[in-house]
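Structural overview
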Amino acid sequence: MQEKDKAKCTDPVWEGHANCAACAIRKFTMFAYVPVESFDHLLKPIDQVMYPARSHLYEERKRAEFVYVVRSGLVKLENTSSRGETRVVRLLGQGDTIGLEAILNQGQVYTQTAVVLRDAEVCRIPYENLRQLEMEFPHVSEAIMLHWKRQLEAADQVIVDFSTGKVRERVARVLLRLAEESRRLQLADMEMLSVEDMAALIGVTPESISRTLAEMKRERLLVKSATHRFIYDWEGLEASAAADEP
């Protein structure tokens, strides 16, 4: 494989056909089980696309055509009730797969809306391509079910973490989720969500979020390192997130 081809897959501003053989995060995805020699003919239809913050990967109840693997960035999945109320059910970051639920849906429609919270680079995989992979490599099917199981567990955890407890506890849990992503990427700081996005996640007013973040900054739980980036006190945030905090 030529060096210029490898560069395309790891360059965050390049868009076009993904080069899965050179992908730095392949070991975290369902494609870890696919032999390198099979990439050219099985994974060629996969596109690598950049989505800016607040754009949609797809919308609830729309026909499902693709599964998405997050290479970088942060995406939320949300449901809208019959009364028009929106609720976040998952947060997904690097290595996570989005849209798998449509595989089990006979009508093949998306059951949530996927909204980009932080500029995201994703691999967009046609469903037909994924089905072909399942047929040729049984381990891929097992990996899909494992990803699906983890996402269901994560959805339950989001409801518990972000919808219960005091405002400070909920904010701390969101910050820990963001910090987990930074730890996985071996970064010393994390990128903060906007006050509005955080308010939408945990169901409180932006003013409440602003006050809580200001408290945490005064307590040095968060120390600004760059624009929208903060060094965090992991132990301090864990203590703030504890449900039995007075």
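Our subject in this report is the structure included herewith. Not measured: the values here are computed from a predicted model. (Residues numbered from 1 in each chain as written. Predicted model: local features only at pLDDT ≥ 70, side-chain atom pairs only at ≥ 80, totals over all residues. Heavy atoms only, no water.)

1. Remarks on helix 7 (residues 206–218)
- Taking 1.5 Å of rise per residue, the 13 residues of helix 7 would be expected to cover 18 Å, and the 18 Å separating its terminal C-alpha atoms lies within 8% of that figure.
- Every buried residue of helix 7 is listed here: Ser-208, Ile-209, Thr-212, Leu-213 and Met-216. The arc enclosing the buried residues of helix 7, seen along the axis, measures out at 125°, which places them on a common side. Across from the buried face of helix 7, at angles greater than 90 degrees, the exposed residues are Arg-211 and Arg-218.
- Packing partners of the buried residues in helix 7 comprise helix 5 (167–184), helix 6 (195–202), strand 9 (222–226) and helix 8 (234–241).
- At the exit of helix 7 stands Arg-220, carrying a positive phi of roughly 65°. (Helix = DSSP H or I, 4+ residues; strand = E, 2+ residues; numbered from the N terminus. Expected span 1.5 Å × (residues − 1). Buried < 20%, exposed > 50% of the residue type's maximum accessible area, 1.4 Å probe, protein only. Arc of directions from axis to C-beta. Contact = heavy atoms within 4.5 Å.)

2. Quick word on the packing of aromatic side chains
- By the definition in use, this model includes five aromatic pairs.
- Ring centres 3.7 Å apart and planes at 15° place the aromatic pair Tyr-58 and Tyr-110 in the stacked group. Here Tyr-110 lies in the loop between strand 6 (97–98) and strand 7 (113–126) and Tyr-58 lies in strand 3 (residues 56–58), a separation of 52 residues in the sequence.
- Of the residues examined, Tyr-110 reaches a relative accessible area of 4% and is grouped as buried.
- By way of ring pairs, the aromatic residues Tyr-51, Tyr-58, Phe-66, Tyr-68 and Tyr-110 are connected into one cluster.
- The ring of Trp-234 is capped by Arg-183, whose NZ or CZ atom sits 3.8 Å from the centre of that ring. (Phe/Tyr/Trp six-rings, centres within 6.5 Å; stacked < 30°, edge-to-face > 60°. Lys NZ or Arg CZ within 6 Å of the ring centre and 35° of its normal.)

3. Observations concerning the side chain of Asp-197
- One can find Asp-197 in helix 6.
- If near-sequence neighbours (up to four positions away) are discounted, Asp-197 is found in contact with Arg-54 and Leu-117.

4. Regarding the pairing of strand 7
- Along strand 7, twelve of the 14 residues are buried, which leaves the element largely enclosed by surrounding structure.
- Sheet topology places strand 2 (residues 47–51) next to strand 7; five bridges connect them, and they run antiparallel. What sits directly across from Gln-48, in strand 7, is Cys-123.
- Pairing analysis gives two bridges linking strand 3 to strand 7, with the strands arranged antiparallel. Residue His-56 lies in a different strand from strand 7, and its bridge partner there is Val-115.
- Sheet topology note: the strand 4 (residues 66–80)/strand 7 ladder contains eleven bridges and is antiparallel. Its bridge partner lying in strand 7, Leu-74 is registered against Arg-118. (Pairing = 2+ DSSP bridges.)

5. Some remarks on the pairing of strand 4
- Among the 15 residues that make up strand 4, eleven are buried, leaving the element largely enclosed by the rest of the structure.
- The pairing of strand 4 with strand 6 spans two bridges and is classified as antiparallel. Across the sheet, residue Val-69 finds its bridge partner in strand 6, namely Thr-97.
- As paired elements, strand 4 and strand 5 (residues 86–92) share six bridges and run antiparallel to each other.

6. Re the nonpolar core
- Counting residues in hydrophobic clusters, the biggest one holds 31 residues, and the most contacted among them are Leu-175 and Leu-222.
- When contributions to this core are tallied by element, the ones reaching two or more residues are strand 5, helix 4 (138–163), helix 5, helix 6, helix 7, strand 10 (229–232) and helix 8.
- Ranked by the residues each element gives to this core, the list is headed by helix 5, at seven residues.
- In terms of nonpolar packing, the next biggest core, distinct from the first, is built from 25 residues, Leu-57, Tyr-68, Val-70 and Trp-148 among them. (Core = buried A, V, L, I, M, F, W, Y, C linked by side-chain atoms within 4.5 Å.)

7. Quick word on the sheet that holds strand 8 (residues 189–191)
- A sheet is described by the order of its strands in space; here three strands give the open sequence 8-10-9, paired in antiparallel fashion. Of all the strands in the sheet, just strand 8 and strand 9 have a single pairing partner and so form its edges. For this sheet, the mean angle separating the axes of adjacent strands, direction not counted, is 40°.
- Of the strand pairs in this sheet, strand 8 and strand 10 are connected by three bridges, and their pairing is antiparallel. In the sheet register, Glu-191 faces strand 10, and the bridge partner there is Arg-229. (Axes fitted to C-alpha atoms, helices over the stretch in contact; angles between N-to-C directions.)

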